Amino acid sequence: MDKLLKLRGFYLFLGLAGGSFGSYLTLLLKDNGLGSGRIGMLMATGTLIAICIQPLWGVISDRYNQARLVLILSVAVPAVLAVFYQSEYFIVLLMVYTVSTIFSSTQAPIADSYAIVAANQAGSTYGSIRMMLSIGAAVGAYAGSQYVSHFSVSTIWLPFLILNSVAVIIAFTLPKQAEENRMMSQSFSKGIKNLLGNKIFLAFLGGSFLVNQTMTAFGTYFVIAFQSVGGSTSHAGIALFIASFTNFPSMLFASKIIRKLGRERTLLLGALIYVLRWGIQFAFPAPAVMIGVQVLHGVSFGLFYIAAVEYVSHITLPEMQATGQSVFNIVFSGFAGILGNLLNGILLDQGGVWLMNLSCMISSAAGALLIFYVVRSSRRNVPRPVASEGASL
């Protein structure tokens, strides 16, 4: 129980820090003279380098039994480097974002390795721990909007540093290594080869990629887009609060929905809500609509993400769990983030909010079609774990 409390506290302060800083980073970069296109290039480049480095963290964490150290560094380094976002030089900003992303990219897999094991041992659920991140992000996003409204955006790094420092202190109290950690249980390259031989898994990854690349239009560019249609920074904070807070109930009840509909149908439901969300913003690009539609953010992302993680866990063998989740995370967050940051930045720069929302609606619709293929395939075949030698479903 003590470990659950620590993990919930860690996730809470991680969410507070990320919500108060991440949503307004593009505003800070814009204030430094960067356009949406260059911001997208900066973030895409940093993410690409982080993807290449990510497998190394698994080696350090598991082979050298240093999970806690890696987790602490993943929070502390980006917090300290945030002060350099005040620079007006693109090369400095690129280096800061890249190094920060290299370290922060390992937060989710390491923290989740603690959370999943701790939840199982205590008879709790992963979602009940993970939802603290959403609550923190909701409060942090609103608090960040108030901070930016009353103080200079160039000092937004200060609360980010303070809140992350609390998270680091909590991380120091966690065990050196999460029990039953199965990461790197087999060759990373061999695991990828086996998984990519599964056509249904590929369709799932393709659908996840197309759906989640639209999230950069929200996570990276929402504040800029909101201001471009006449919204204020303070009201943007309200929208971000709603978006993050609605993750709480969707993640809390996702397991019940999955038990009723199944993993694949829950994935499809989440994807279709993405389409609805972007369709509404495309048809009505107004501040009031952009605030109200954020109710659909928590429902769409919460259902899709929880169902996706459980789907990957279900179709992969125990010794391939870490590899399956790593491949999913690289595609869902990594490659989707690269394309989304580049594409949506250019679209916002060249065609405005209207064109970006249209692109997101089309992309999420294409992703929903691939997920529909997964649903149809699951009806014809009973899903079984991917075999070690690369058998498909």
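Predicted, not measured: the structure shown is a model, and the values here were computed from it. (Residues numbered from 1 in each chain as written. Predicted model: local features only at pLDDT ≥ 70, side-chain atom pairs only at ≥ 80, totals over all residues. Heavy atoms only, no water.)

(A) Fine view of the overall build of the protein. Helix and strand counts for the protein stand at 18 helices and zero strands. By residue count, 55% of the 393 residues in the protein fall in the buried class. Once local pairs closer than 6 in sequence are excluded, the contacts in the protein between residues at least 24 apart make up 85%. For the protein, the accessible area works out to roughly 15,800 Å², and carbon and sulfur atoms hold 68% of it. (Helix = DSSP H or I, 4+ residues; strand = E, 2+ residues; numbered from the N terminus. Buried < 20%, exposed > 50% of the residue type's maximum accessible area, 1.4 Å probe, protein only. Contact = heavy atoms within 4.5 Å. Areas by Shrake-Rupley, 256 points an atom, 1.4 Å probe, with all protein chains shown as cover.)

(B) Main features of the packing of aromatic side chains. Under the criterion given, the structure shown has 19 aromatic pairs. Where Phe-201 meets Phe-204, the ring centres are 5.8 Å apart and the plane angle is 40°; that geometry is what we call tilted. In this pair, Phe-201 and Phe-204 both sit in helix H10 (residues 199–212), three residues apart, roughly one turn of the helix. Taking 5.7 Å as the distance between ring centres and 20° as the angle between the ring planes, the aromatic pair formed by Phe-204 and Phe-328 counts as stacked. Pair noted here: Phe-204 is in helix H10 and Phe-328 is in helix H18 (residues 321–380), with a separation of 124 residues, a long-range link. Three or more aromatic residues joined by ring pairs make a cluster, and in this case those are Phe-201, Phe-204, Tyr-274, Phe-301, Phe-304, Tyr-305, Tyr-311, Phe-328 and Phe-332. Sitting over the face of the ring of Phe-218, Arg-277 holds its NZ or CZ atom 5.0 Å from the ring centroid. (Phe/Tyr/Trp six-rings, centres within 6.5 Å; stacked < 30°, edge-to-face > 60°. Lys NZ or Arg CZ within 6 Å of the ring centre and 35° of its normal.)

(C) Seen up close, the packing of helix H4 (residues 67–81) against helix H5 (residues 90–104). Across the interface, H4 lies against H5 with an axial gap of 7 Å and an inter-helix angle of 165°. If you check the angle between H4 and H5, you find them roughly antiparallel. Classified by chirality, the crossing of H5 by H4 is left-handed. Touching Leu-73, Ser-74, Val-77, Pro-78 and Leu-81 of H4 are Val-96, Val-99, Ser-100, Phe-103 and Ser-104, all from H5. Split into classes, the residues belonging to the contact of H4 with H5 amount to seven nonpolar, three polar and no charged. (Axes fitted to C-alpha atoms, helices over the stretch in contact; angles between N-to-C directions. Parallel < 35°, antiparallel > 145°, perpendicular 65-115°, else oblique. Left-handed = near helix turned anticlockwise from the far one by under 90°. Nonpolar A, V, L, I, M, F, W, Y, C, P; charged D, E, K, R; others polar.)

(D) Focus on helix H13 (residues 233–245). Spanning 13 residues, H13 covers 18 Å between terminal C-alpha atoms, matching the ideal 18 Å at 1.5 Å per step. Listed as buried for H13 are Thr-233, Ala-236, Gly-237, Ala-239, Leu-240, Ala-243 and Ser-244. Buried residues of H13, seen end-on, are gathered within an arc of 160° and therefore sit on one face of the element. (Expected span 1.5 Å × (residues − 1). Arc of directions from axis to C-beta.)

(E) A look at the confidence of the model for the protein. Overall, the predicted model of the protein reaches an average pLDDT of 81, with 86% of residues at or above 70. This stretch, residues 180–185, has a pLDDT under 50; its non-local contacts, to residues over four places away or in other chains, come to 16 contacts. The model gives residues 387–393 a pLDDT under 50, and that stretch makes 22 contacts with residues more than four places away or in other chains. (pLDDT = per-residue confidence, 0-100.)

(F) A look at the side chain of His-297. Residue placement: His-297 occurs in helix H17 (residues 295–315). In contact with His-297, not counting residues within four places along its chain, are Met-215, Phe-218, Ala-243, Ser-244, Thr-246, Asn-247, Arg-277 and Gly-302.

(G) Layout of the environment of Val-92. Following the sequence through the fold, Val-92 ends up in helix H5. If we skip the residues at most four places from it in the chain, Val-92 touches Phe-84 and Ser-87.

(H) Region of the structure containing the environment of Glu-264. Note on placement: Glu-264 falls in helix H15 (residues 263–283). Take Glu-264: its relative accessible area is 11%, and that puts it in the buried class.

(I) View of helix H8 (residues 157–172). For H8, with 16 residues, the first-to-last C-alpha span of 22 Å sits near the 22 Å given by 1.5 Å per residue. For H8, the set of buried residues is Trp-157, Phe-160, Leu-163, Asn-164, Ala-167, Val-168, Ile-170 and Ala-171. Looking straight down H8, one finds its buried side chains confined to an arc of 160°; they lie on one side. Facing away from the buried side of H8 by more than 90 degrees, the exposed set consists of Ile-169 and Phe-172. Along its buried surface, H8 packs onto helix H1 (2–21) and H4.

(J) Just the packing of H13 against helix H14 (residues 247–261), in detail. Between H13 and H14, the shortest axis-to-axis distance is 5 Å and the interhelical angle comes to 10°. The angle between the axes of H13 and H14 places the two elements in the roughly parallel class. Every residue of H14 that contacts H13 at Ala-243, Ser-244 and Phe-245 is listed here: Asn-247, Phe-248 and Pro-249. The class makeup of the residues in the contact of H13 with H14 is four nonpolar, two polar and no charged.

(K) Broad picture of the environment of Ser-244. For Ser-244, the position within the fold is in helix H13. Along the chain, Ser-244 and Met-131 lie 113 residues apart, while their C-alpha atoms are 9.7 Å from each other. For Ser-244, the contacting residues outside a window of four places in its chain are Ser-134, Ala-137, Ala-138 and His-297.

(L) Quick peek at the nonpolar core. If you look at the biggest cluster of nonpolar residues, it comprises 90 residues, and the most contacted ones within it are Tyr-85, Phe-204 and Phe-328. The element best represented in this core is H18, accounting for 13 residues. Look past the residues within four positions of Tyr-85 in its chain and what remains in contact with it is Phe-21, Leu-25, Leu-28, Leu-29, Asn-32, Leu-93, Val-96, Tyr-97 and Ser-100. The next biggest cluster of nonpolar side chains, apart from the first, holds 23 residues, and it includes Ala-67, Ile-129, Met-132 and Leu-174. (Core = buried A, V, L, I, M, F, W, Y, C linked by side-chain atoms within 4.5 Å.)

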